[in-house]
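Examination of the molecular architecture
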Amino acid sequence: MTVRYWAAARAAAGVESEQVPAGTLAEAVDEAVRRHDGDQRLRAVLDMCSVLVGEVPVGRRDRTQVGLDDGALVEFLPPFAGG
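Residues numbered from 1 in each chain as written. Predicted model: local features only at pLDDT ≥ 70, side-chain atom pairs only at ≥ 80, totals over all residues. Heavy atoms only, no water.

1. Concerning the nonpolar core
Met 1, Tyr 5, Leu 46, Val 74 and Phe 76 are the most contacted members of the largest nonpolar core, which totals 24 residues. Where this core is concerned, the elements lending two or more residues are strand 1 (2-5), helix 1 (8-13), helix 2 (25-35), helix 3 (40-48), strand 3 (50-53) and strand 5 (73-77). Once residues within four sequence positions are removed from consideration, Phe 76 is found in contact with Val 3, Arg 4, Tyr 5, Trp 6, Ala 9, Leu 25, Val 29, Leu 46, Cys 49, Ser 50, Val 51 and Arg 63. (Core = buried A, V, L, I, M, F, W, Y, C linked by side-chain atoms within 4.5 Å. Buried < 20%, exposed > 50% of the residue type's maximum accessible area, 1.4 Å probe, protein only. Helix = DSSP H or I, 4+ residues; strand = E, 2+ residues; numbered from the N terminus. Contact = heavy atoms within 4.5 Å.)

2. What to know about the pattern of salt bridges
Applying the stated criterion across every chain, the model contains six salt bridges. Among the ionic pairs, Glu 18 bridges to Arg 35, the shortest N-O distance being 4.0 Å. Highlighted residues: Glu 18 in strand 2 (residues 17-19) and Arg 35 in helix 2, separated in sequence by 17 residues. A relative accessible area of 13% means that Glu 18 is categorised as buried. Take Arg 35: its relative accessible area is 34%, and that puts it in the partly exposed class. Between Glu 31 and Arg 34 there is a salt bridge whose closest N-O contact spans 2.5 Å. Residue Glu 31 and its partner Arg 34 are located together in helix 2, separated by three residues, close to a single helical turn. By relative accessible area, which is 15% here, Glu 31 ends up buried. Judged by its relative accessible area of 53%, Arg 34 falls in the exposed class. It is possible to trace a salt-bridge network through shared partners that takes in Glu 18, Glu 31, Arg 34 and Arg 35. (Salt bridge = Lys/Arg side-chain N within 4 Å of Asp/Glu carboxyl O.)

Function-wise, these values are silent; they only describe arrangement.
Shown next, in the form of structure tokens:
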């Protein structure tokens, strides 16, 4: 499945997107952090992000319970401010 990072998540990951094997959203986060040398800054940013799976917001659901299909698109959108 494809993970796409936006704004601060992209800056923390150092890439716009990557292919990550995972069965759940929690596994996707763990794998992304592992791929980036265990960068806890990346984990902290991803933990703050709103997440879309496909075009569906995950909301506050437990990330261990959010299943991912083959070919899924997972997007991490950090909080932002604006006027």
